[in-house]
Amino acid sequence: MPEAPPKGIHPIFLRGVTCDKFGLKTGEGVLELVDYIDLKKEDVMKEIQVMGVMSDFEPAKKIIDSITGDKILIITDKGQKYGETFLICYTEDARNDYLKGILEAQQAIELQRLEELRLEEERKIAEHARLNVVYEDKPITPRPWVHMTQADTDNEIRQLSFAPARDLISIEISRPKRYTKQSFKFADRNADAAGVIEFRAYKDPHFKAIKEGDIGIQVAPLCSSSNAQTSWYRSVQKAVQYESATISETESKDNMLSFLEKAVLEIENALQQNESVDIFSETFRLNGDDDINEGALAENELREVKNFADPTYSKFKVLSAIDWMPHAQGMVAVSAVRNVTFDMRIPLMGQTNTSYILLWDFRLLVKPLILLQSQQEIFAFRFNKTDSKMLAGGCITGQVMLWEAGDAIKSALHRNNRGTSSSSSGNQSAAAGGAADNNQVDDEAAAAPLAPKYVSSVDHSHKKCVADLFWLPPTTQINYRGQLVGDEHLDGHSYQFVTVAGDGMLMVWDIRFEQIFNDELRHIGRTKHIPTEKSSTKDGGGVKPLWAPIFKAHLKRLEGVGELSLCKVCETANAKNSPFSFNNKSAITTGDSRSQFMIAT
């Protein structure tokens, strides 16, 4: 909510034309405005007198009259603190306070500029001194090694060194030669007895013990650690060897003549159209001169024919996808999702949010014809071109869903026709009124949102939001190996569709996955490992297949590493009768977020 303006300030709304007239604009942007400007009071009053209530200053006429000076100060508040972008200072105190703040801000900017100039000058002086320093060449003289831990190092070395702590004693012992090489028996005896004396060990208190220390030294080579980073490049085929196709001269001439016979008509038609059609004509001008007086921009605008909105399911929401219902006149479907930004959507990831696809009928403007319900938001959906009652959609979780809306559309059309006929009749009997009540109950049950028939397994779907989806034409089917199915297996119906997402995966889905699981479609085939789950039917246990793609293609960059974030896929089908076509199959064109595209057939 905007704050209340202080005394002397009045918010006012000014249009772009008024801003240009009085010089408030500085550029073409909406917020490219001056900070403040002084307008002449005489010019503003003249504007009010000439334009009257159409003037932007007319709501503040009394306030402008109360201004004593001949200048009106207009302030620009780009943050709209008081509810409007422009403010009028109609008192002298408010004018002085604002100008004082402007002067202080200018002084602060000037002081900052001077400080930056001073720092730049000091930097230049220091750089000049560094570049012009003079070095004196003197001989290197040895000096004693001095360090903070020198004393501790000396003590450690002194403790590891052994030095005698007392004087050495020299003793000479001798005996006569005749007493050598004789056996003696040592025994305990008194010291005063003659003969051989035995010296027994005793503890001398004056003896100084010799210090001993154990030191272990191991010799090992020097080790050094170094890091290296190498670039890995994916192996890519740079050359292909092949044998040239040999075509006989007669066959090549026949093919070229048939091609020219088919192409000459198309080329002549195109050249005639270039000469007869005015390429400078206005294509969208279809109403003639009847709407010339409606306005200055009437010739360049498209006129809105109808507007569809539902207050419950699409109000304040974004329409993420839209598609026309084929083989039906005046029916279009839209997908409504929450109107939130990417930053607001991140905390909501993983939470279910019921979303709806609304099918609108141009004959019914009040409410949608039917509702297709989904537990996740739908960002892409398409109708089946051969069976318009079948609809496939891609969710934000990467899953796909399939709806069969044939019965729901029939009941809705029947219900609306019955309501129209009943409203045209006047009075009815009491019995008819009871029948109408029963019909109303049935109508409410039939008008409930339609749940999807099939939902794919989240473990086997895309890892990111489905970006685009399209149904393969009836002339194209793909088996589980990614190969095209032969024409003998085509029946003129579309059973498969392709999806792409930001995870770089292209997936092909088949709505006949239950028949594929039962091995009833041999031309499609089945993989060895099909995801299944236990059936919870009343008849007993069993296994039923989960809906998973029959074929996946991981699209990567042709050079280097990295995935492609796919965002669009479309079909470029070749027409059978076109002289430039060579087959009746389809090609798939995909585009990613880096504006790259690929073509696959």
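Quick note: structure is the one above.
Computed from a prediction, not measured in an experiment: that's the story for all the values here.

Draft legend 1. Representation of the overall build of the protein chain within the structure. In terms of helices and strands, the protein chain carries 10 helices and 21 strands. Per-residue burial over the protein chain gives 27% buried out of 601 residues. Only carbon and sulfur atoms are counted for the fraction: they give 54% of the accessible area of the protein chain, which is about 45300 Å².

Draft legend 2. Just the nonpolar core, in detail. Ile357, Leu359, Leu369, Ile370 and Phe381 are the most contacted members of the largest nonpolar core, which has 21 residues in total. For this core, the elements supplying multiple residues, two or more each, are strand E6 (331-338), strand E7 (355-361), strand E8 (370-374), strand E9 (378-383), strand E10 (390-395), strand E11 (400-404) and helix H8 (406-424). Those residues in contact with leucine 359 that sit more than four places away from it in its chain are Met325, Met331, Val332, Ala333, Pro368, Leu369, Ile370, Phe383 and Ile409. In this structure, Leu33, Val34, Met45 and Ile88 belong to the second largest nonpolar core, which totals 20 residues.

Draft legend 3. Geometry of the pairing of E7. The buried count for E7 comes to seven of seven residues, which makes it a mostly enclosed element. Side-chain alternation along E7 places Ser355, Ile357, Leu359 and Asp361 on one buried face and Tyr356, Leu358 and Trp360 on a second face that is also buried. Of the strand pairs in this sheet, E6 and E7 are connected by six bridges, and their pairing is antiparallel. Looking at the pairing, alanine 333 lines up with leucine 359 of E7.

Draft legend 4. Looking closely at the sheet that holds strand E1 (residues 9-12). Taken in spatial order, the four strands line up as E1-E4-E3-E2 in an open sheet, and their pairing is antiparallel. At either end of the open sheet lies a strand with only one pairing partner, and these are E1 and strand E2 (36-40). When the angles between neighbouring strand axes are averaged without regard to direction, this sheet yields 30°. Where E1 lies against strand E4 (residues 86-89), four bridges are found, and the strand directions are antiparallel. Bridge pairing in E4 places isoleucine 12 opposite phenylalanine 86. Packed on one face of the sheet, helix H2 (residues 41-51) meets E2 and strand E3 (71-76) and runs near 70° to E2. Against the sheet, helix H4 (residues 92-131) contacts E1, E2, E3 and E4, and its axis sits at roughly 55° relative to E3.

Draft legend 5. Summary view of a nonpolar patch on the surface. On the surface, Val50, Met51, Val53 and Met54 cluster together to form a nonpolar patch covering roughly 420 Å² of accessible area. Tracing the backbone shows methionine 51 in helix H2.

Draft legend 6. Representation of the sheet that holds E11 in the model. Taken in spatial order, the four strands make up an open sheet running E9-E10-E11-E12, and their pairing is antiparallel. On the outer flanks of this sheet lie E9 and strand E12 (454-455), each paired with one strand and no other.

Draft legend 7. Just the pattern of salt bridges, in detail. For the structure on display, the rule yields 18 salt bridges. Salt-bridge contacts for aspartate 468 lead to arginine 382; the nearest nitrogen and oxygen are separated by 3.7 Å. Of this pair, aspartate 468 sits in strand E13 (residues 466-471) while arginine 382 is found in strand E9, placing the two residues 86 residues apart along the sequence. Through salt bridges with shared partners, a single ionic network connects Glu115, Arg118 and Glu122.

Draft legend 8. How the structure looks around the packing of aromatic side chains. In the structure shown here, the tally under the stated rule is 12 aromatic pairs. Taken together, a centroid distance of 5.5 Å and an interplanar angle of 80° make the contact between phenylalanine 22 and phenylalanine 57 edge-to-face. One end of the pair, phenylalanine 22, is in helix H1 (residues 16-22); the other, phenylalanine 57, is in the loop between H2 and helix H3 (61-65), with 35 residues separating them in the sequence. Both rings, one in tyrosine 36 and one in tyrosine 98, keep their centres 5.9 Å apart while their planes meet at 75°; by these two values the pair is edge-to-face. Of this pair, tyrosine 36 sits in strand E2 while tyrosine 98 is found in helix H4, placing the two residues 62 residues apart along the sequence. Classification of tyrosine 36 as partly exposed rests on a relative accessible area of 32%. Here the aromatic residues Tyr454, Trp471, Phe497, Trp509, Phe513 and Trp547 are joined through ring pairs into a cluster of three or more. Positioned above the aromatic ring of tyrosine 495, the side-chain terminus of arginine 512 is 4.2 Å from the ring centre.

The rules behind these values
Residues numbered from 1 in each chain as written. Predicted model: local features only at pLDDT ≥ 70, side-chain atom pairs only at ≥ 80, totals over all residues. Heavy atoms only, no water. Helix = DSSP H or I, 4+ residues; strand = E, 2+ residues; numbered from the N terminus. Buried < 20%, exposed > 50% of the residue type's maximum accessible area, 1.4 Å probe, protein only. Areas by Shrake-Rupley, 256 points an atom, 1.4 Å probe, with all protein chains shown as cover. Core = buried A, V, L, I, M, F, W, Y, C linked by side-chain atoms within 4.5 Å. Contact = heavy atoms within 4.5 Å. Pairing = 2+ DSSP bridges. Axes fitted to C-alpha atoms, helices over the stretch in contact; angles between N-to-C directions. Patch = residues over 30% accessible without salt bridge, like charges linked within 9 Å, V, L, I, M, F, W, Y side chains within 5 Å. Salt bridge = Lys/Arg side-chain N within 4 Å of Asp/Glu carboxyl O. Phe/Tyr/Trp six-rings, centres within 6.5 Å; stacked < 30°, edge-to-face > 60°. Lys NZ or Arg CZ within 6 Å of the ring centre and 35° of its normal.

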